[in-house]
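Each chain, letter by letter, is given below.
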Amino acid sequence: MFDHDELAERRRKKLKLIRFDSDGQTLVESEKPRETFEDVGGLEDVKKKIRMNFILPLKQPEIFAAYGKEAGGSLLLYGPPGCGKTFLARAVAGEIDANFLQVELQAILSMYVGQSEHNLHDVFEKARENKPCVIFVDELDALGGSRHLMRQHHDRMLVNQLLLELDGLQARNDQVFVIGATNTPWYLDPALRRPGRFNHLVFVPPPEAAERETILRLKLKGKPTDALDLAKIAAETKFFSGADLEQVVRDAVELAMERTLETGELQPVTQEDLKKALKGRKATTLDWFATAKNYAIFSDVNRDYQVVLDYMKRHGIK
Ligand SMILES: Nc1ncnc2c1ncn2[C@@H]1O[C@H](COP(=O)(O)OP(=O)(O)OP(=O)(O)O)[C@@H](O)[C@H]1O
Ligand SMILES: [Mg+2]
């Protein structure tokens, strides 16, 4: 999509990443993350959706205008844990000619009652001041959380604020785009799922074999290794998430390091290290599918989760 010079040029422009400071109260600017889509293994369908919805409209607004199609809007990424939702959304920042604002709801929620709504509003204000801008609202599951009454009330107010902000964006056509991420879209307040809000669901599935190989290669990049048969490891890690694979590589690297410390000579990561690291590890995504299946079968009025059932069928998950 982009050639390297163009990407380098984008990076030089130092578009902004804005997030809360460690005190959780102040919005600060930091440098944009370095990841781009190239660092994300596979997920071509999802990348394509993001290009269509966020990247092309900013690059070639005239095409979208010609078809009377509105640019941007919002996307909700969902799927099993560790499969790259956060990683991918951050990579959008590296791809796109826009500012990027990341909001961790977990952090916002932990603030004093009343303060979190205020802060959420600040984030959207900041986005409007810095448009075009992508706001990434991570961990939307946080809003479904505790059953504690006080907490529920607190959540409710934050949901209302989020609804206000999303509707405000739509009304003003502000060139502010929103990406949300959650493991549990079925718990999301239905009001958040109405048209113009998070009505566009995008399933982020576990990586396929070829993608697993790519992820393994990406995670081993720059480390001393033997000639490795990563395709073999990929074949043995069906349903492993990106995070699961990252852990396997981390463990294998540790084994090589231990040998290095013992022998005093730099030891490459071997196939045997990877095999050992794999031992006893299981894919962490399968529990998620078991839960998702219930919602997909019993409470999926809009057939939002048909893609999940299709995926399970195609891959023989019961
Ligand atoms: N497709 C991928 N390509 C490269 N790395 C990946 C990919 N998917 C996951 N990873 C690795 O796994 C780690 C965890 O992924 P990430 O945090 O994005 O998952 P997530 O879907 O947001 O999970 P959660 O639902 O738990 O928030 C990332 O830091 C990244 O290193
Ligand atoms: Mg995440």
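Just so you know, these numbers come straight off a predicted model, no measurement behind them.

1. Here's the deal with the overall build of the chain
Then, in step 1: Summing up its helical and strand segments, the chain has 13 helices and seven strands in all.
Then, in step 2: Residue pairs in contact within the chain that sit at least 24 positions apart in sequence constitute 76% of those at least 6 positions apart.
Then, in step 3: Summed over all atoms, the accessible surface of the chain reaches about 16300 Å², with 51% contributed by carbon and sulfur.

2. Quick look at the nonpolar core
Side chains of nonpolar character tend, in soluble globular proteins, to be buried together.
Then, in step 1: The biggest cluster of nonpolar side chains holds 58 residues, and the ones touching the most others in it are Ile-135, Leu-140, Leu-162, Leu-192 and Val-308.
Then, in step 2: For Leu-192, the contacting residues outside a window of four places in its chain are Leu-143, Val-159, Leu-162, Leu-163, Leu-166, Arg-197 and Phe-198.
Then, in step 3: Of all hydrophobic cores here, the second largest spans 26 residues; its members include Leu-88, Val-92, Phe-177 and Val-204.

3. Remarks on the pattern of salt bridges
Then, in step 1: The full count for this structure, using the stated rule, is 12 salt bridges.
Then, in step 2: Arg-128 is the salt-bridge partner of Glu-165, the closest N and O atoms lying 3.3 Å from each other. Here the residue Glu-165 occupies a position in helix α7 (residues 149-172), and Arg-128 occupies one in helix α6 (residues 115-129), the gap between them amounting to 37 residues. As far as burial versus exposure is concerned, Glu-165 and Arg-128 are alike and both buried.
Then, in step 3: Glu-246 is the salt-bridge partner of Lys-219, the closest N and O atoms lying 4.0 Å from each other. With Lys-219 in helix α8 (residues 209-220) and Glu-246 in helix α10 (residues 242-263), this pair connects stretches of sequence that are 27 residues apart.

4. Examining the confidence of the model for the chain
Interpretation of the predicted coordinates at a detailed level should be avoided for regions scoring low in pLDDT.
Then, in step 1: Looking at the chain as a whole, the pLDDT averages 83, with 83% of positions reaching at least 70.
Then, in step 2: Counting contacts from residues 10-14, a segment whose pLDDT is below 50, to residues more than four positions away or on other chains yields nine contacts.

5. A few points about the site of ligand 1
Then, in step 1: Neighbouring ligand 1 are 17 residues, the closest being Gly-82, Lys-85, Phe-87, Asn-183 and Lys-219.
Then, in step 2: Measuring from an oxygen atom of ligand 1, one finds a side-chain N or O atom of Asn-183 at 2.6 Å.
Then, in step 3: Within the backbone of Ala-243, an N or O atom sits 3.2 Å from an oxygen atom of ligand 1.
Then, in step 4: Burial of ligand 1 by the protein chains amounts to 81% of its free accessible area of 630 Å².
Then, in step 5: For the shell around ligand 1, the secondary structure elements donating two or more residues are α4 (85-95), α8 and α10.
Then, in step 6: For the shell around ligand 1, the class distribution of residues is seven nonpolar, six polar and four charged.

6. Thoughts on unusual backbone geometry
For residues other than glycine, phi is negative in most cases, and the peptide bonds are mostly trans.
Then, in step 1: The backbone of Glu-139 shows a phi angle near 60 degrees, a positive value even though the residue is not glycine.
Then, in step 2: If you trace the backbone, Glu-139 turns up in the loop between β5 (133-138) and α7.
Then, in step 3: Even without being a glycine, Phe-239 presents a positive backbone phi close to 70 degrees.
Then, in step 4: Tracing the backbone shows Phe-239 in the loop between α9 (230-235) and α10.

7. What to know about helix α2 (residues 44-59)
Then, in step 1: Spanning 16 residues, α2 covers only 20 Å between terminal C-alpha atoms, well under the ideal 22 Å at 1.5 Å per step.
Then, in step 2: Its axis deflected by about 45 degrees at Arg-51, α2 carries its strongest bend there.
Then, in step 3: Its buried side turned inward, α2 meets α3 (61-66), β3 (74-78), α4, β6 (176-182) and β7 (201-203).

8. So, the packing of α8 against α10
Then, in step 1: At a closest axis distance of 9 Å, the pairing of α8 and α10 adopts a crossing angle of 45 degrees. The angle between the axes of α8 and α10 places the two elements in the oblique class. Between α8 and α10 lies a crossing of right-handed hand. Each of Arg-212, Ile-215, Leu-216, Lys-219 and Leu-220 in α8 lies in contact with α10, whose residues at this interface are Gly-242, Leu-245, Glu-246, Val-249 and Val-253.
Then, in step 2: Residues that form the contact of α8 with α10 fall into these classes: six nonpolar, one polar and three charged.

9. Quick look at the environment of Gly-73
Then, in step 1: Within the fold, Gly-73 resides in the loop between α3 and β3.
Then, in step 2: Setting aside residues up to four positions removed in sequence, Gly-73 forms contacts with Phe-54, Phe-177 and Val-178.

Calculation notes
- Residues numbered from 1 in each chain as written.
- Chains lettered and ligands numbered in written order.
- Predicted model: local features only at pLDDT ≥ 70, side-chain atom pairs only at ≥ 80, totals over all residues.
- Heavy atoms only, no water.
- Helix = DSSP H or I, 4+ residues; strand = E, 2+ residues; numbered from the N terminus.
- Contact = heavy atoms within 4.5 Å.
- Areas by Shrake-Rupley, 256 points an atom, 1.4 Å probe, with all protein chains shown as cover.
- Core = buried A, V, L, I, M, F, W, Y, C linked by side-chain atoms within 4.5 Å.
- Buried < 20%, exposed > 50% of the residue type's maximum accessible area, 1.4 Å probe, protein only.
- Salt bridge = Lys/Arg side-chain N within 4 Å of Asp/Glu carboxyl O.
- pLDDT = per-residue confidence, 0-100.
- Near = heavy atom within 4 Å.
- Polar contact = N/O pair within 3.5 Å; in protein donor to acceptor, adjacent residues only side chain to side chain.
- Nonpolar A, V, L, I, M, F, W, Y, C, P; charged D, E, K, R; others polar.
- Expected span 1.5 Å × (residues − 1).
- Bend = angle between axes of the 7 residues up to and from the residue.
- Axes fitted to C-alpha atoms, helices over the stretch in contact; angles between N-to-C directions.
- Parallel < 35°, antiparallel > 145°, perpendicular 65-115°, else oblique.
- Left-handed = near helix turned anticlockwise from the far one by under 90°.

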